[in-house]
Amino acid sequence: MDFNVKKLASDAGVFFTRAVQYTEEKLGQAEKTELDAHLENLIARADCTKNWTEKIFRQTEVLLQPNPSARIEEFFYEKLDRKIPSRTTNAELLGQYMQDAAKEFGPGTPYGSTLITVGDFQKRLGGAEREFLHTSAINFLAPLRNFLEGDWKTISKERRLLENRRLDLDVCKARLKKAKSAEAKAAAEHELRVAQTEFDRQAEVTRLLLEGISSTHVNHLRCLHEFVEAQAAYYIQCHKHMQDLQKELSRFPNAFAVNASTSGVSTGPSPLSTATLPGASSPSRPPNPSNALESSTLKIEEVKPPATGTRKAKVLYDYDAADTSELSLLSDELITVYTVPGMDPDWLIGERGNQKGKVPVTYLELLS
């Protein structure tokens, strides 16, 4: 092994003089060469970029993978330069559980067939999530990581070197001030010129690297657009899958009617389909009951609430009664509702104080 004692001693001496200079500067006992304003601004901008990029990167990791154990596992796979194994999403796992349950309950039963349908759509949601995670990791996380682990490390290394050159320059300045003999002054001036040249050269290298932060911002801006596009495509897919699922479930209304009749109240479409979706408008007026039994025998004034089976309902939209058998509704008010034998499943009997009449189920959110 080539062990150069002189070089080791020289490096130790340089380190010591730098340490002394740095300490005296902190104590206010030595002068410090200040960087020019432009370079100082570039350094401040670079530090700001690094800090916020790191925060955005970490929080995006949390968004894409909330499980900290899974994030640690992926980190080790990346450091070992090994392919990260494919991981089943929660939605896909839920869909599989639903379909397995359907096999136990019986796929021919209403509950079993519905579980199969919902489970299939949950798997589709999981597939869309998997694609979103993959795209975001490549188009957004990878560029941010490359900056933090590549470009920024290079910038930090050159900045440390610049600081060392600056300390060497100030040591030479202090040595020149302390020199008394002409020979000592000449030697000190020569060392100062060399130190100044090295400092100026390193300052230029550092400045060029720091000015590259503008290009980094442009690159990250493009990556941000790609991330938003991937996120929008993911949510559009999810919305479409849920709409398709609701259409599939709406083909089996009788299953809900059978269950509801045992409790005395008919449940209408889920409030999610009308009340909570953005831009939702009031549903169309349901057709008047055409059931011969109801039209011939049901008289509103003679209807009595059942002993059990009444429920509270919140009105989602204003509704104007079409005739005296119906009850007009105001949005957000609470009414009591129930059903009676032979009544159309799209309608309920609603009561508000002494007023009573038929009300459409689609205009209500059943509360209890």
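Since the structure is predicted, the reported quantities are computational estimates derived from the model, not experimental observations.

Trainee: I'd like a description of the overall build of the chain, backed by residues and values.
Mentor: The number of helices and strands found in the chain is nine helices and five strands. By the burial criterion, 32% of the 368 residues in the chain qualify as buried. If you take every contact in the chain between residues at least 6 apart in sequence, the share linking residues at least 24 apart comes to 69%.

Trainee: Break down the confidence of the model for the chain for me, with residues and values.
Mentor: Summary statistics for the chain give a mean pLDDT of 83 and a share of 80% for residues scoring 70 or more. Across residues 253–279, where pLDDT falls below 50, the model places 39 contacts with residues more than four positions away in sequence or in other chains. Counted against residues more than four places away or in other chains, residues 290–296, with its pLDDT under 50, gives eight contacts.

Trainee: Provide a residue-level description of the packing of helix H2 (residues 37–64) against helix H7 (residues 213–249), including the pertinent values.
Mentor: Packing of H2 against H7 brings their axes to within 12 Å, and their N-to-C directions diverge by 20°. As far as their axial angle goes, H7 and H2 are roughly parallel. The crossing of H2 and H7 is left-handed. Residues Arg45, Ala46, Thr49, Thr53 and Leu63 of H2 form the contact with H7, whose participating residues are Ile213, Ser214, His217, His220, Phe227 and Gln231. Among the residues making up the contact of H2 with H7, the classes are represented as four nonpolar, six polar and one charged.

Trainee: With reference to specific residues and values, describe the pattern of salt bridges.
Mentor: Enumeration over the complete set of coordinates arrives at 16 salt bridges. Residues Lys50 and Glu54 are paired through a salt bridge, measuring 3.3 Å at the closest nitrogen-oxygen approach. Taken as a pair, Lys50 and Glu54 lie in helix H2 at a separation of four residues, close to a single helical turn. Residues Lys240 and Asp244 are paired through a salt bridge, measuring 3.1 Å at the closest nitrogen-oxygen approach. Within this pair, Lys240 and its partner Asp244 are both found in helix H7, separated by four residues, close to a single helical turn. Assessed through its relative accessible area of 49%, Lys240 is described here as partly exposed. Bridged by salt links that share partners, the residues Arg18, Arg165, Asp168 and Glu198 form one connected network.

Trainee: Which residues make up the side chain of Gln202, and what are the values?
Mentor: Tracing the backbone shows Gln202 in helix H6 (residues 182–211). Gln202 gets classed as buried once you look at its relative accessible area, which sits at 8%. Gln202 has contacts with Glu158, Leu161, Leu162 and Arg165, leaving out every residue within four places of it along the chain.

Trainee: Any chance you could break down the environment of Thr117 for me, citing the residues and the numbers?
Mentor: Tracing the backbone shows Thr117 in helix H5 (residues 110–178). On the basis of relative accessible area, Thr117 is assigned to the buried category, the value being 18%. C-alpha of Thr117 to C-alpha of Leu249: the two residues are 132 residues apart in sequence and 8.2 Å apart in space. Setting aside chain neighbours within four positions, we find Thr117 in contact with Leu245 and Glu248.

Trainee: Tell me about unusual backbone geometry, and name the residues and values.
Mentor: Phi at Asp332 is positive, roughly 80°, even though this residue is not glycine. Within the secondary structure layout, Asp332 lies in the loop between strand S1 (311–315) and strand S2 (334–338). By relative accessible area, which is 55% here, Asp332 ends up exposed.

Trainee: Mind laying out the nonpolar core, listing which residues take part and the relevant values?
Mentor: Core analysis: the largest hydrophobic core is formed by 31 residues, its most contacted members being Leu39, Phe132 and Leu210. The dominant element in this core, judged by the number of residues it contributes, is H5, at 13 residues. Setting aside residues up to four positions removed in sequence, Leu210 forms contacts with Leu39, Leu42, Ile43, Ala46 and Ile155. Counting 21 residues, the second-largest nonpolar core is a separate cluster that includes Leu316, Tyr319, Met343 and Leu364.

The rules behind the values
- For every chain, the first residue of the written sequence is number 1, and numbering continues from 1 onward in sequence order.
- Owing to the predicted nature of the model, reporting of local features is limited to residues with pLDDT of at least 70; listing and counting of side-chain atom pairs is limited to 80 or more, with chain, interface and lining totals taken over all residues.
- To get the side-chain values, all heavy atoms of the structure are used, and hydrogens and water are removed first.
- Only DSSP runs of H or I covering at least 4 residues are called helices, and only runs of E covering at least 2 are called strands; the numbering of each starts at the N terminus.
- Working definition: with a 1.4 Å probe on protein chains only, accessible area under 20% of the residue-type maximum means buried, over 50% means exposed, and in between means partly exposed.
- Contacts: residue pairs with any heavy atoms within 4.5 Å of one another.
- The predictor's confidence in any single residue is recorded as pLDDT, a number from 0 to 100.
- Working convention: axes come from line fits to C-alpha atoms, limited for helices to the stretch in contact. Angles between N-to-C directions cover 0 to 180 degrees.
- Every angle not falling under 35 degrees, over 145, or within 65 to 115 is termed oblique; those three ranges are roughly parallel, roughly antiparallel and roughly perpendicular.
- Crossing handedness: left-handed means the near helix sits turned counterclockwise from the far one by under a right angle, and right-handed means the same turn made clockwise.
- In the scheme used here, Gly and all other residues not listed as nonpolar or charged are polar, with Ala, Val, Leu, Ile, Met, Phe, Trp, Tyr, Cys and Pro taken as nonpolar and Asp, Glu, Lys and Arg as charged.
- In what follows, salt bridge is the name for a side-chain nitrogen of Lys or Arg lying within 4 Å of a carboxyl oxygen of Asp or Glu.
- Throughout, nonpolar core names a set of buried Ala, Val, Leu, Ile, Met, Phe, Trp, Tyr and Cys residues whose side chains join them through atoms within 4.5 Å.

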